[in-house]
Amino acid sequence: MPAYYLEALTVTLGLALLMLEAFGPSNSKKLVGFSAAAGLTFILILSFYAIGPDAKPDAAWAKWPLWNFYAFDNLARFYKGFALVCTILVVLMSLDFRSVLSRFTDHPGSEAGTGEYYALPVFACAGMMWMASAKDLAGAFVALELVTITFYILVSFLRRNVGSLEAGVKYLILGALSTGFLVYGIAWIYGATGTMSLVEIGAKVGTITQTAPLLFGIALVLIALGFKIGAVPMQVWIPDVYQGAPTPTTAFLSVGSKAAGFILLIRFLDPLLQPGSPVASHVTLMLAIMAGATLLFGNLAAIAQTNFKRLLAYSSISHAGFLVLALASWKGDSANQLGSIGTVSFYLATYLLMTLASFFVLAQVRIQDGSEQIDAFNGLGKRNPTLALGLTVIMAAMAGVPLTAGFLGKLFVFQLAASAGLWWCIALAVVGAAAGFYYYFKLIRAMWWEVPADGSKPLVLPQITRYCLIGLTLAVIVIGVYPAPIQALLN
Amino acid sequence: MLSLLVLIPLVAFIAMLAGAPARQTAIAAGAANLVLGLWAAFTWKASMWAMSLPVLQKPALHLSFALDGMSAIMVLLSVIVTMAALLSGKAPEGREKLYYGSSLLISAGAIGAFAATDLFFFYAFHELALIPTFLMIGILGRGDRKDAAWKITIYLGFGSIILLAGLVWLANVAGTFDIPTMVKAAKEGSLVIDSATQKGIAGLLVLGFGVLVSLFPFHSWAAPAYASAPAPTSMLHAGVLKKFGLYGLLRLAIPLVPEGLNAWLVPLLVLLLGNILWVGLVTINQKRLDLLLGNSSVMHMGYIFLAIAALAAATANGQMNSIAQPAAILLMFGHGISIAMLFGLADKIERSTGTLELTDLGGLAKSAPSLAFLFGMVGMASIGLPGLANFAGEVMVFLSAFQNYSPAAGLGPVQIACILAIWGVVISAVYMLRAYRRIFQGESVKATDGAADLTLADRIPAVLLAVALLAVGLYPNLLLNLLK
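Residues numbered from 1 in each chain as written. Chains lettered and ligands numbered in written order. Predicted model: local features only at pLDDT ≥ 70, side-chain atom pairs only at ≥ 80, totals over all residues. Heavy atoms only, no water.

Turning next to the overall build of chain A. Counting its regular elements, chain A contains 20 helices and 0 strands. Rg of the C-alpha trace for chain A: 22 Å, near the compact-globule value of 23 Å for 491 residues, within the 12% margin. Principal-axis analysis of the C-alpha atoms gives chain A an extent of 70 × 55 × 40 Å. Out of the 491 residues in chain A, the part that is buried amounts to 64%. (Helix = DSSP H or I, 4+ residues; strand = E, 2+ residues; numbered from the N terminus. Rg over C-alpha atoms; globule rule 2.2 N^0.38 Å. Buried < 20%, exposed > 50% of the residue type's maximum accessible area, 1.4 Å probe, protein only.)

All names here are of chain B. Contact pair helix α3 (residues 69–87) / helix α11 (residues 243–256): the axes reach a minimum separation of 11 Å and the direction vectors enclose 170°. In terms of their interaxial angle, α3 and α11 are classed as roughly antiparallel. Contact residues: M70, S71, M74 and L77 in α3; K243, Y247, L250 and R251 in α11. For the contact of α3 with α11, a count of residues per class yields 5 nonpolar, 1 polar and 2 charged. (Axes fitted to C-alpha atoms, helices over the stretch in contact; angles between N-to-C directions. Parallel < 35°, antiparallel > 145°, perpendicular 65-115°, else oblique. Contact = heavy atoms within 4.5 Å. Nonpolar A, V, L, I, M, F, W, Y, C, P; charged D, E, K, R; others polar.)

On to the UniProt feature "domain: NADH:quinone oxidoreductase/Mrp antiporter transmembrane" (unreviewed entry) in chain B, then. According to UniProt, the "domain: NADH:quinone oxidoreductase/Mrp antiporter transmembrane" (unreviewed entry) feature falls on residues 116–406 of chain B. For the annotated span residues 116–406 of chain B, helix accounts for 78% and strand for 0% of the residues, and the straight-line distance between the end C-alpha atoms is 39 Å. (UniProt positions renumbered as here; feature names shortened; annotations may be inferred.)

Packed helices, taken two at a time, are described by their axes: the angle between them and the distance between them. All names here are of chain A. At a minimum axis distance of 9 Å, the contact between helix α1 (residues 5–23) and helix α5 (residues 116–133) shows a crossing angle of 170°. Viewed along their axes, α1 and α5 adopt a mutual orientation that is roughly antiparallel. Here L6, E7, T10, V11, L13, G14, L15, L17, L18 and E21 of α1 lie close against α5, whose contacting residues are E116, Y118, A119, V122, F123, C125, A126, M129, W130 and S133.

Burial analysis of helix α10 (residues 231–241) of chain B places 11 of its 11 residues in the buried class, the great majority of the element. A231(B), P232(B), T233(B), S234(B), M235(B), L236(B), H237(B), A238(B), G239(B), V240(B) and L241(B) are the residues of α10(B) that are buried.

Attention now goes to the packing of aromatic side chains. Residues and elements named next belong to chain A. A full pass over the atoms with the stated rule returns 48 aromatic pairs over all chains. Plain terms: the ring middles of Y184 and F216 are 6.3 Å apart, the flat faces sit at 85° to each other, and that makes the pair edge-to-face. Of the two residues, Y184 sits in helix α7 (residues 162–193) while F216 sits in helix α9 (residues 212–229), which places them 32 residues apart along the sequence. A relative accessible area of 36% places F216 in the partly exposed class. (Phe/Tyr/Trp six-rings, centres within 6.5 Å; stacked < 30°, edge-to-face > 60°.)

Contacts between chain A and chain B engage 39 residues on the former and 39 residues on the latter. With both sides pooled, the region where chain A packs onto chain B buries about 3,500 Å², and carbon together with sulfur makes up 77% of that total. Sorting the residues of chain A by area buried against chain B places L403(A), F437(A) and W449(A) first, and these three jointly supply 21% of that buried surface. The tally of links from chain A across to chain B stands at 1 salt bridge. Close ionic contact of K146(B) with E450(A) constitutes a salt bridge, the shortest N to O distance being 3.3 Å. Taken together, the links from chain A to chain B amount to 2 residue pairs in polar contact (both at pLDDT 80 or more). (Buried area = accessible area lost by both parts, 1.4 Å probe. Salt bridge = Lys/Arg side-chain N within 4 Å of Asp/Glu carboxyl O. Polar contact = N/O pair within 3.5 Å; in protein donor to acceptor, adjacent residues only side chain to side chain.)

Looking now at the environment of L300(A). Residues and elements named next belong to chain A. Mapped onto the fold, L300 is located in helix α12 (residues 280–303). Relative accessible area serves as the criterion here: at 43%, L300 is assigned to the partly exposed category. When the C-alpha atoms of L300 and G432 are compared, they prove to be 7.3 Å apart, with 132 residues separating the residues in sequence.

See the structure below:
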């Protein structure tokens, strides 16, 4: 099956869901959500059977000009799968979140206004999947905008909640600004190289003598993509938007949107950082500065947080710092070491497991206790020991405790940075990781060492959340001990 | 087969979560491990113990276990202390799962760390043991448990990260995560690390491992943490897990970056004297038995560091120092057993008298003679009375410092440090004898009047540890032969 069917099917699924939303039963929108999850799961299975033109060069479709701006390789397959898994989990999370959704859209008890909430992520997913295959800056830009515009709606979906609206406006304004940077940067790159195809840029970059215009363009694009991935200096929107947006949207932003930003960044940097490129050292320096600043800002600002959702926002900034550090120490795969691309992809895969699991817990605490403060987790070990045990594993993984998935990602990044000799970045990363111990363990401390607030009831997990959470937690441990499956997916 | 030693506690832990009776399961697992561990320690040369399982291709990681004399002794220490820790102490009502489960996890982590030959798992298993330590102190601890647990979390977390940076650097330079391969390459000369890199790596390792071993001035987490930890946790952490840092220096820093370690010799000596003299004086000043024991444990780490420093100085100068390594290991073993026993008995004292304040105690020997006898014996052991394990270790430490002494060259920094360190013996005699007198001798007071003596169940773990102390003390070759 040609790979582009995947995006086509995803968009078709989204349209079908909108039809179902409009013409299906109006009292319960659960059906839309379940259909979305089922449809995406089906596409996820199909993605293992997708092939690119190389696999079947004599087929009619393999000669289409489409392949000039659409690539399909293992990396693309990996990130398409990533987008699909992330979207499925987000949709499932939204299903358990619908009591809050309905309260702030229509009146409580009516789910009339919530149907689109399950269809929109599907469109965003199609955009992310396309980004994974982008090999032309114009195509990448269009895919990115599909994702971003969908997010404008998702962030401000709770239309009767001031926080959500405020977050939406912030995201819209800053998002538009970053779009401006991106387009302007692409224009400069086009001016410097005469092409928007990343393959041709890679071929031409070695021959460029006047590097200033190209570097200017690259800097602009880095700033724009820095917005998507939440790297300093474009991280200012993250805490407020994360806090205001509905929790499943925040999870989606934190995982899906960030991963999409990184795959685009990888696709964009790969041709520019090839051996012999005159701009490579400048670009890695820019990335290293970005990484150092992001690590420092994300981790230090996270220490003071008392709201779990904001804490996760800053933690997502700090993870972005680690990921950019892996890019800054750009290396290809070698015999005994994972290269930058592999490291980033691996890190993101583990990040998906940990972050989505934490948002599942956060969503439930928000629904049942109406609070996102860390205080709300006090005594969770007594109120629901299984949940607390799971969250303990996940927080330990986030902090980078070994034998959990989170440690391996950090280990690989340290290893890459050490072989690139980025010592000052490593020092900042060490400080950051140590700070991480402090603020992630705040949750563990609250859950186990504090007593529950008076009159708090046991927390009962709904079925979907329970199974997702158990699955994700087990995955965090299994991948932490036996990470080979993820590497197999990458190769 | 070694994987069994790690697997048995983990399986018992999972069985416990699934509803198996906590205490019985834990003790069964501990006993199985004790038998297996004894067998492994004295037949470590047999090839059946080693195993290696590839986990990842890039970078090549293997879940691999193997023993040599040094790790065999550490595994032996772990299984003995584990068994004693599981038998001592009393789980609070309704918290048995947490209590015994955490102890098993700490034990599995410690054994895994000592037996692993892959850098990745070497580090990982140690961290696995830390999390339950934090939880146990935070949930079941006494006194200001929250502050103590928080402090130990932050200190050890920070230490671990620094250590990780050092280990990653080392792995990058060596091009492998496999420790025997690295050591072999360094011995054969195919792995040459330049001195600047050595200095960097050794600095990170000393700092990282040093925090984990409570090297002065990073020691302030230790005493309050042990004082507020439940008995099995302080027994396992002070007795076994804390040795990981020293073991790591012997395992990695000495063979791979001796020059680098030697470059830090003087600062290291100053710090370890801080452990012995400064913390020793602090210990004298303690008013509570648990804080006294916690501080004394910090103090004794200084001696083991001294042996390591002597070994580093000798190795870097191309000299032989045949007794430094056995000295360090013997003292690690002796200290591990004795501090575990002391914490175990302190817990008994608290349970039968309700207090650990030295001023509230007195005359306990009358009502609890066997407790007094065992405490006296292990107290003597910890201050280095001949015939008990620690003595052999301490003497060898002092001898090792002078092994390469030549009168012509005069006293080197190691010898000067050693001469100062010997005063530590006096210091520890002062605090331990004073504590013994305060607790057990004199008139009975309200708290100790009619206090219960050790029951049979209490005696088993104490006697187990005492036998180990005596056996090694009377015949140190029992362990030293393993190192040959």
